[in-house]
Amino acid sequence: EPEVTQTPSHQVTQMGQEVILRCVPISNHLYFYWYRQILGQKVEFLVSFYNNEISEKSEIFDDQFSVERPDGSNFTLKIRSTKLEDSAMYFCASSESRGGTGELFFGEGSRLTVL
Amino acid sequence: DAKTTQPNSMESNEEEPVHLPCNHSTISGTDYIHWYRQLPSQGPEYVIHGLTSNVNNRMASLAIAEDRKSSTLILHRATLRDAAVYYCILRRSGGGADGLTFGKGTHLIIQP
């Protein structure tokens, strides 16, 4: 069964450093998403991406964050100048369609620890 | 987005059916009802979705009230592997918010 893969599974970084989280969505999917989950809290939407541009972003997704689909297969989330509060699980998801009938497939997540 | 209300937690015994309720009294006519679950230390996983009619798939059944103001996710025979947080989410057809809005969900505990 096709799946969304994420790397790294766990990254530890120092505050102020830049981090890139990588995702390989399911190959025929067109819609891509990043979510995050702080330990013990809800899963929060960050951004959606379609046709090489951001289609929607939440208030969390400020100038510190950026996304890119550099080569037609990977989908990356870059966090510049990480802060302690960026420590969380980051989930990538992809979907073949959007809207009411669109089913999202999630990866296993990348755990980010900022020290 | 229309809001959903779910119990914080439910407990059931292994091999028994589980009925997980969800209220969505402000649902609009174009909102689909989606259920996802999150097993411990894993990403969310799609379970099922529906619009008006009841739906069945290999994982579960979804029963939707006639007025669509509530729905129930049914696990026909719970196993220990079904212990997870279950999220009921409304997703608008034909535009509107693109990302899923997760609430706190229902933490399902399965007793052996």
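Structure shown above.
Participant: Just checking my understanding: could you explain the sheet that holds strand 9 (residues 106–111) of chain B for this structure?
Facilitator: Strand pairing in a sheet takes place through backbone hydrogen bonds and is either antiparallel or parallel in direction. Residue and element names in this part refer to chain B. Taken in spatial order, the five strands line up as 1-9-8-3-4 in an open sheet, and their pairing is mixed. If you trace the sheet from one side to the other, it starts and ends with strand 1 (9–13) and strand 4 (45–50), each paired once. Between one strand axis and the next, the sheet turns through 25° on average, direction left out of account. Relative to strand 9, strand 1 is paired through five bridges, and the arrangement is parallel. Paired with serine 9 across the two strands is histidine 107, which belongs to strand 9.

Participant: Help me understand the sheet that holds strand 3 (residues 19–24) of chain A, please; the structure alone is not making it clear to me.
Facilitator: Residue and element names in this part refer to chain A. Spatial strand order, 1-3-8-7: four strands in an open sheet with antiparallel pairing. Where the open sheet ends on each side, the last strands, each with one partner, are strand 1 (5–7) and strand 7 (65–68). Between one strand axis and the next, the sheet turns through 20° on average, direction left out of account. Sheet topology note: the strand 1/strand 3 ladder contains three bridges and is antiparallel. Bridge pairing links glutamine 6 to cysteine 23 in strand 3.

Participant: When you look at the state of the cysteines in this model, what are you seeing that I'm missing?
Facilitator: Residue and element names in this part refer to chain A. Following the criterion strictly, the structure yields two disulfides over all chains and no others. A sulfur-sulfur separation of 1.9 Å characterises the disulfide bridge that pairs cysteine 23 with cysteine 92. Disulfide cysteine 23-cysteine 92: torsion about the S-S bond near -65°, hence left-handed. Here the residue cysteine 23 occupies a position in strand 3, and cysteine 92 occupies one in strand 9 (residues 88–95), the gap between them amounting to 69 residues. In terms of burial, cysteine 23 and cysteine 92 fall into one category: buried.

Here is what the cut-offs are and how they apply
- Residues numbered from 1 in each chain as written.
- Chains lettered and ligands numbered in written order.
- Predicted model: local features only at pLDDT ≥ 70, side-chain atom pairs only at ≥ 80, totals over all residues.
- Heavy atoms only, no water.
- Pairing = 2+ DSSP bridges.
- Helix = DSSP H or I, 4+ residues; strand = E, 2+ residues; numbered from the N terminus.
- Axes fitted to C-alpha atoms, helices over the stretch in contact; angles between N-to-C directions.
- Disulfide = S-S within 2.5 Å.
- Buried < 20%, exposed > 50% of the residue type's maximum accessible area, 1.4 Å probe, protein only.

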